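# Structural overview
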Amino acid sequence: MTTQPPVTVRTFTQRLSPTPRGARLARHLALNQLHAWGIPHGTDASDAVALIVAELAANAVTHGRVPGRDFELRLSLVTGSVRVEVTDTRSGPRPPGPGAVREPLPLAESGRGLVLVDAVADRWEVVDREPLGKTVRAEVDVPRWLSLVAGC
């Protein structure tokens, strides 16, 4: 009988102010956490997660901002991948999910964030947050994942 190693999930959660500074800090914290988990700066996985966090945090600050309420960044080292979750507290229409994101017009000044997330993430979705708000969750597959959790 073969025994499987236990699944180890590492999680990092931080609430951040819904400001441009909070969005920049989210990206910085994500890169540092990935490095601590053994995913060094400049790797494909690190670069993909940095882009996803930057875009989702910018969206939370721009479109999900509610005065006096923070947004939340959560990173999880889950089976085979890094999961990124950015949650805001604004109710109302949800952003389009996978398959529903439209390319912006060539000269449009906005509208590229979820297009980039769609291009870079291996999987992603938009889910409701109870009682108010939404979470955009994206995953980036990580080569050598098992060696990362074995070292944790």
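## Section: the nonpolar core
Of all hydrophobic cores here, the largest spans 33 residues; its most connected members are Leu73, Leu75 and Val84. Sorting elements by how many residues they give to this core places helix H2 (residues 44–62) first, with nine residues. Apart from the residues lying within four places of it in its own chain, the contact partners of Leu73 are Phe12, Thr13, Gln14, Leu16, Ala26, Ala30, Val53, Val84, Glu85 and Val86.

## Concerning the pairing of strand S4 (residues 123–128)
With six bridges connecting them, S4 and strand S5 (residues 134–141) associate as antiparallel partners. Paired with Val127 across the bridge in S5 is Thr135. Counting the residues that bridge the hairpin from S4 to S5 gives five residues, and of these Gly133 lies at a positive phi of roughly 105 degrees.

## Focus on the packing of H2 against helix H3 (residues 113–120)
For the pair H2 and H3, interaxial distance at closest approach is 9 Å and the crossing angle is 155 degrees. Between H2 and H3, the interaxial angle falls into the category roughly antiparallel. Both H2 and H3 take part in a crossing whose hand is left-handed. Contacts from Ala48, Leu51, Ile52, Glu55, Leu56 and Asn59 in H2 reach Gly113, Leu114, Leu116, Val117 and Val120 in H3. In terms of residue class, the contact of H2 with H3 is built from eight nonpolar, two polar and one charged.

## Here we look at the pattern of salt bridges
Per the counting criterion, the structure on display carries seven salt bridges. Between Lys134 and Asp88 there is a salt bridge; the shortest N-O distance is 2.9 Å. Here Asp88 lies in strand S3 (residues 81–88) and Lys134 lies in strand S5, a separation of 46 residues in the sequence. Asp88 carries the same exposure label as Lys134, and that label is buried. Residues Asp141 and Arg123 are paired through a salt bridge, measuring 2.6 Å at the closest nitrogen-oxygen approach. Of this pair, Asp141 sits in strand S5 while Arg123 sits in strand S4, placing them 18 residues apart in sequence. Given a relative accessible area of 35%, Asp141 falls into the partly exposed group. According to the relative accessible area criterion, Arg123 is partly exposed, its value standing at 39%. Connected through salt bridges with shared partners, the residues Arg74, Glu85, Glu125 and Arg137 form a single ionic network.

## Overview of the environment of Ala54
Along the chain, Ala54 falls in helix H2. Exposure remark for Ala54: the relative accessible area of 25% places this residue in the partly exposed category. In the structure, Ala54 is positioned 28 residues away from Ala26 in sequence and 7.3 Å away in space, judged by C-alpha atoms.

## Some thoughts on the confidence of the model for the protein
Averaged over all residues, the pLDDT of the protein is 85; the fraction at 70 or higher stands at 84%. Averaged over each element, pLDDT in the protein is lowest for helix H4 (residues 145–150) (60) and highest for helix H1 (residues 20–36) (96).

## Focus: H1
Along its 17 residues, H1 runs 25 Å from first to last C-alpha, staying within 8% of the 24 Å computed at 1.5 Å per residue. Structurally, H1 contributes buried residues whose contacts are with strand S1 (10–16), H2, strand S2 (71–78) and S3. Where H1 terminates, the next one or two residues include Gly38, which has phi positive at roughly 95 degrees.

Rules of the game
Residues numbered from 1 in each chain as written. Predicted model: local features only at pLDDT ≥ 70, side-chain atom pairs only at ≥ 80, totals over all residues. Heavy atoms only, no water. Core = buried A, V, L, I, M, F, W, Y, C linked by side-chain atoms within 4.5 Å. Buried < 20%, exposed > 50% of the residue type's maximum accessible area, 1.4 Å probe, protein only. Helix = DSSP H or I, 4+ residues; strand = E, 2+ residues; numbered from the N terminus. Contact = heavy atoms within 4.5 Å. Pairing = 2+ DSSP bridges. Axes fitted to C-alpha atoms, helices over the stretch in contact; angles between N-to-C directions. Parallel < 35°, antiparallel > 145°, perpendicular 65-115°, else oblique. Left-handed = near helix turned anticlockwise from the far one by under 90°. Nonpolar A, V, L, I, M, F, W, Y, C, P; charged D, E, K, R; others polar. Salt bridge = Lys/Arg side-chain N within 4 Å of Asp/Glu carboxyl O. pLDDT = per-residue confidence, 0-100. Expected span 1.5 Å × (residues − 1).

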